[in-house]
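# Descriptive structure summary
Here is what each chain is made of, one letter per residue.
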Amino acid sequence: MESSASNIGFYALVAAAGGGSRLGGDTPKQYLKIGGKSILHHAVDAFLACPGMRGLKVIIDPAHEPFFRQAFGNTPLPAFVHGSDTRKYSISNGLYSFSKLKNEDIILVHDAARPF
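Residues numbered from 1 in each chain as written. Predicted model: local features only at pLDDT ≥ 70, side-chain atom pairs only at ≥ 80, totals over all residues. Heavy atoms only, no water.

Two strands in a sheet stick together by hydrogen bonds in their backbones, pointing the same way (parallel) or opposite ways (antiparallel). Strand order in the open sheet formed by 4 strands is 5-4-1-6, with parallel pairing between adjacent strands. Lying at the two open borders of the sheet, with one neighbouring strand each, are strand 5 (79-82) and strand 6 (107-111). This sheet shows a mean twist of 25 degrees between the axes of neighbouring strands, independent of strand direction. Summarising the sheet, strand 1 (residues 10-16) and strand 4 (residues 53-60) pair through 7 bridges and their orientation is parallel. (Pairing = 2+ DSSP bridges. Helix = DSSP H or I, 4+ residues; strand = E, 2+ residues; numbered from the N terminus. Axes fitted to C-alpha atoms, helices over the stretch in contact; angles between N-to-C directions.)

Written out as structure tokens, the structure is:
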């Protein structure tokens, strides 16, 4: 039996809890717009277009929730989980937010500030 990559299911975590401090400014870089859409929205849309995606969550800084809500305008918000003080613990929060995962499940982790 032949297997296809499109038949493989996966989950995605989009890490968007960073402050983007190296860029400067008042808005974290994942919430800046490119082509009329936030960088984060572009990253989420790329995953939503992938066949086989079983679930997606965005990890955000709790203080950035207003930015997050604004980033998607009138489109439905993806599920989100609050990050932590470090990237390591933010990713851990994201992993634990998925329920009923099995050892063989694939979870992709992507940086929201790199949408393309």
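Position of D45 relative to the elements: it lies in helix 1 (residues 39-48). Between the C-alpha atom of D45 and that of P78, which follows or precedes it by 33 residues, the distance is 9.9 Å.

A regular strand carries its side chains on alternate faces of the sheet. With respect to burial, strand 4 is a largely interior element, 6 of its 8 residues being buried. Here strand 4 pairs with strand 5 via 4 bridges, running parallel. Paired with I60 across the strands is H82, a residue of strand 5. As for the winding sense of the linkage, the β-α-β connection from strand 4 through helix 2 (residues 65-71) to strand 5 is right-handed. (Buried < 20%, exposed > 50% of the residue type's maximum accessible area, 1.4 Å probe, protein only. Right-handed = clockwise from strand over helix to strand, strands pointing away.)

Bear in mind that shape data such as this cannot, by itself, settle questions of function.
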